[in-house]
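Each chain, written out:
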Amino acid sequence: MFGLLRFIRGVCGFVFAIQIIHVIEAVTWLSKPEAVGVDMGKFFALLLVKAIFLAMAGFLFFGLRGFINRLHTKKHGTPHPALAEKKWAL
């Protein structure tokens, strides 16, 4: 069970990282001259969807760390060895 939860946490971390890259790229794209002819309503709608995915993936990534540690503590009496040391560990 811990392996499956850690795998899900890894996928959420990957999605979180990809969304951060895309949001930063979209925000920097606004300063370019090509942004003038684009429908800004659609652009900001897509940016909002990306921000929602970013928030959900981040919440799951950081929330699953605490959940896995609680389950491991309940079962074995100590926090998960890999997750107790580093916040970014999978």
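Below: a short report on this structure. Bear in mind the structure is a predicted one, so any value in this text is a computation, not a measurement. (Residues numbered from 1 in each chain as written. Predicted model: local features only at pLDDT ≥ 70, side-chain atom pairs only at ≥ 80, totals over all residues. Heavy atoms only, no water.)

**Overview of the overall build of the protein**
- Check the secondary structure of the protein and you find 3 helices and 0 strands.
- When the helices and strands of the protein are listed from N to C terminus, the series reads α-α-α.
- Summarising its shape, the C-alpha atoms of the protein cover approximately 60 × 20 × 15 Å along the three principal directions.
- Each of the 90 residues in the protein was classed as buried or not, and the buried ones make up 27%.
- If you take every contact in the protein between residues at least 6 apart in sequence, the share linking residues at least 24 apart comes to 63%.
- Surface summary for the protein: the accessible area is close to 6300 Å², and the carbon and sulfur share equals 74%.
- Here the protein contributes 11 positively and 4 negatively charged side chains, and the mean placements of these two sets differ by 19 Å. (Helix = DSSP H or I, 4+ residues; strand = E, 2+ residues; numbered from the N terminus. Buried < 20%, exposed > 50% of the residue type's maximum accessible area, 1.4 Å probe, protein only. Contact = heavy atoms within 4.5 Å. Areas by Shrake-Rupley, 256 points an atom, 1.4 Å probe, with all protein chains shown as cover. Lys, Arg positive; Asp, Glu negative; His and termini not counted. Charge placed at Lys NZ, Arg CZ, Asp CG, Glu CD.)

**Some points on the environment of F67**
- Relative to the assigned elements, F67 resides in helix 2 (residues 40-76).
- With a relative accessible area of 32%, F67 lands in the partly exposed category.
- Expressed as a C-alpha distance, the spacing of F67 and A55, which sit 12 residues apart in the sequence, is 18 Å.

**Considering the packing of aromatic side chains**
- According to the stated counting rule, one finds 4 aromatic pairs in the structure shown.
- Measuring from centroid to centroid gives 5.3 Å for F43 and F44, while their planes differ by 80°, and the two rings are edge-to-face.
- Taking relative accessible area as the criterion, F44 reaches 42% and is therefore assigned partly exposed.
- These aromatic residues form a ring-pair network of at least three members: F16, F61 and F62. (Phe/Tyr/Trp six-rings, centres within 6.5 Å; stacked < 30°, edge-to-face > 60°.)

**A word on the side chain of Q19**
- Turning to its location among the elements, Q19 is positioned in helix 1 (residues 2-29).
- With near-sequence residues (within four places) excluded, Q19 lies in contact with K50, F53 and L54.

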